[in-house]
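One letter stands for each residue in the lines below.
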Amino acid sequence: MPLTVYGTELSSRLLLGTAQYPSPAILSEAAKSSGASVVTVSLRREGIQGETGGRFWSLVRELGLRVLPNTAGCHTVKEAVTTAKMAREVFGTNWIKLEVIGHHDTLQPDVFGLVEAARILTEDGFAVFPYTTEDLVVGERLIEAGCEVLMPWCAPIGSAKGPVNLDALRAYRAHFPDTSLIVDAGLGRPSHAAAVMELGFDGVLLNTAVAKAGNPAAMAIAFAQAVEAGHAAYGAGILEPRDMAVPSTPVIGKAVFS
Amino acid sequence: MKLIVNGQALESQARTLSELMTELGHTGNWFATAINSEFVPGSERNEVRLSEGDRVEILTPRQGG
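Everything numeric here is computed off the predicted structure, so don't read it as measured data.

About the cut-offs
- Residues numbered from 1 in each chain as written.
- Chains lettered and ligands numbered in written order.
- Predicted model: local features only at pLDDT ≥ 70, side-chain atom pairs only at ≥ 80, totals over all residues.
- Heavy atoms only, no water.
- Helix = DSSP H or I, 4+ residues; strand = E, 2+ residues; numbered from the N terminus.
- Rg over C-alpha atoms; globule rule 2.2 N^0.38 Å.
- Buried < 20%, exposed > 50% of the residue type's maximum accessible area, 1.4 Å probe, protein only.
- Contact = heavy atoms within 4.5 Å.
- Areas by Shrake-Rupley, 256 points an atom, 1.4 Å probe, with all protein chains shown as cover.
- Lys, Arg positive; Asp, Glu negative; His and termini not counted.
- Charge placed at Lys NZ, Arg CZ, Asp CG, Glu CD.
- Phe/Tyr/Trp six-rings, centres within 6.5 Å; stacked < 30°, edge-to-face > 60°.
- Expected span 1.5 Å × (residues − 1).
- pLDDT = per-residue confidence, 0-100.
- Salt bridge = Lys/Arg side-chain N within 4 Å of Asp/Glu carboxyl O.

## Some thoughts on the overall build of chain A
At step 1: Helix and strand counts for chain A come out as 9 helices and 10 strands.
At step 2: Taking 258 residues into account, the globule formula puts the C-alpha radius of gyration at 18 Å, and chain A, at 20 Å, falls close to it.
At step 3: With the principal axes as the frame, chain A shows a C-alpha extent of 90 × 40 × 35 Å.
At step 4: Looking at chain A residue by residue over its 258 residues, the buried ones come to 52%.
At step 5: Considering only intrachain contacts with a sequence separation of at least 6, the fraction spanning at least 24 residues in chain A is 65%.

Have a look at this one:
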């Protein structure tokens, strides 16, 4: 069954960022190779000539994918809310990846500001995709604020560490069985994506691991396959680890030679 | 009148936000604007008058994660 968020069915469980690619052409190639149905974008100050944003926006529109604007770099509720409103107008979507950054070095979300901004934006008609931690109470508050999707990190943004706290992510999935959960930030390699999908997460959002790969388009394919493999494995029912060895070949009927 | 546009001090003859956009050559539809941290929709740029010292933000699409 496809992933559905805010009433929209997505053809892929991989959401891809558009930053840090070696060139626009490589970004375009990677996005197409990934099979992603959603790409994230941002808003930044335009230069005097006013051409930079227009060129990028044309490239994104040519991809034909749904866009998820972010509020990256916002450190206050006010900044995030204003940026979200500006993004809604420019990109023509009420979807917003809500980031309220609480710490310059770790880029850890300010979860208090996040919940407040989420409430303001959902009341204003936004479909909020909150970048959060794996804290269960914060997740509950975000749902109360109107979020239908939660996006916990698995490690700091751009760190490529992969899931540093699998137990917390497992608990998160168990605690929110009916909410779409997308792991956002910290994935470094396809096996990381497979690991969180095997826990039952509904999707992953990543950027740096693909953009900074030696061959971004090839890595995008690898991630797409890992996401699908992890999702299929979760659906198939994964064998839990056992403390003792258990022979896989039948013991009954074994020949006796002594 | 002196304005702060995208963090840069600027001397402008524009009376409205719409006139400022024209003055700066921003004619496409891929811009979003804010004055003093408040979002100003494109449909209101004609009516919104600028004041001395206003902080104007003009944002456009950019790569993002």
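## Topic: the overall build of chain B
At step 1: Counting its regular elements, chain B contains 1 helix and 5 strands.
At step 2: Along the chain direction, N to C, the helices and strands of chain B fall in the order β-β-α-β-β-β.
At step 3: A globule of 65 residues ought to have a C-alpha radius of gyration of about 11 Å, and chain B, at 11 Å, matches this closely.
At step 4: Dimensions along the principal axes, computed over C-alpha positions, put chain B at roughly 35 × 25 × 20 Å.
At step 5: Going through the 65 residues of chain B one by one, you find that 45% of them count as buried.
At step 6: Pairs at least 24 residues apart make up 52% of the contacts formed inside chain B by residues separated by at least 6 positions.
At step 7: Accessible surface, chain B as shown: approximately 3,300 Å² in total, 45% of it carbon and sulfur.
At step 8: Between the centroid of the 6 positive side chains of chain B and the centroid of its 9 negative side chains there is a distance of 3 Å.

## Section: the packing of aromatic side chains
Residue and element names in this part refer to chain A.
At step 1: The tally for this structure, following the rule as stated, stands at 6 aromatic pairs over all chains.
At step 2: With centroids separated by 5.4 Å and ring planes inclined at 50 degrees, the aromatic side chains of Tyr6 and Phe129 adopt a geometry described as tilted. Of this pair, Tyr6 sits in the loop between strand E1 (3–5) and strand E2 (8–10) while Phe129 sits in strand E7 (residues 127–132); the two residues are 123 residues apart in sequence, bridging distant segments of the chain. Comparing Tyr6 with Phe129 shows no difference in burial state: the two are buried.

## Some remarks on helix H2 (residues 52–63) of chain A
At step 1: With 12 residues, H2(A) should cover 16 Å at 1.5 Å per step; its first-to-last C-alpha distance of 18 Å lies within 8% of that length.
At step 2: Every buried residue of H2(A) is listed here: Gly53(A), Gly54(A), Phe56(A), Trp57(A), Leu59(A), Val60(A) and Leu63(A).
At step 3: Buried residues in H2(A) make contact with helix H1 (24–34), strand E4 (38–45), strand E5 (66–69) and helix H3 (77–91) of chain A together with strand E5 (55–63) of chain B.
At step 4: Positive backbone phi, at 70 degrees, marks Gly64(A), one or two positions downstream of H2(A).

## Some remarks on the confidence of the model for chain B
At step 1: Averaged over all residues, the pLDDT of chain B equals 95, while 100% of them reach at least 70.
At step 2: Scoring the predicted complex yields pTM 0.94 and, for the interface, ipTM 0.96.

## Some thoughts on the pattern of salt bridges
At step 1: If you walk through the whole model with that rule in mind, you get 11 salt bridges over all chains.
At step 2: The salt bridge partner of Arg45(A) is Glu57(B), with a shortest N-O separation of 2.7 Å. Here Glu57(B) lies in strand E5 and Arg45(A) lies in strand E4, a pairing that spans two chains.
At step 3: By relative accessible area, Glu57(B) is classed as partly exposed at 24%.
At step 4: In this structure, the salt-bridge partner of Arg141(A) is Glu144(A), at a minimum N-O distance of 3.7 Å. With a gap of 3 residues between them, Arg141(A) and Glu144(A) both fall in helix H5 (residues 136–144), about one helical turn apart.
At step 5: The exposure class of Arg141(A) is partly exposed, given its relative accessible area of 37%.

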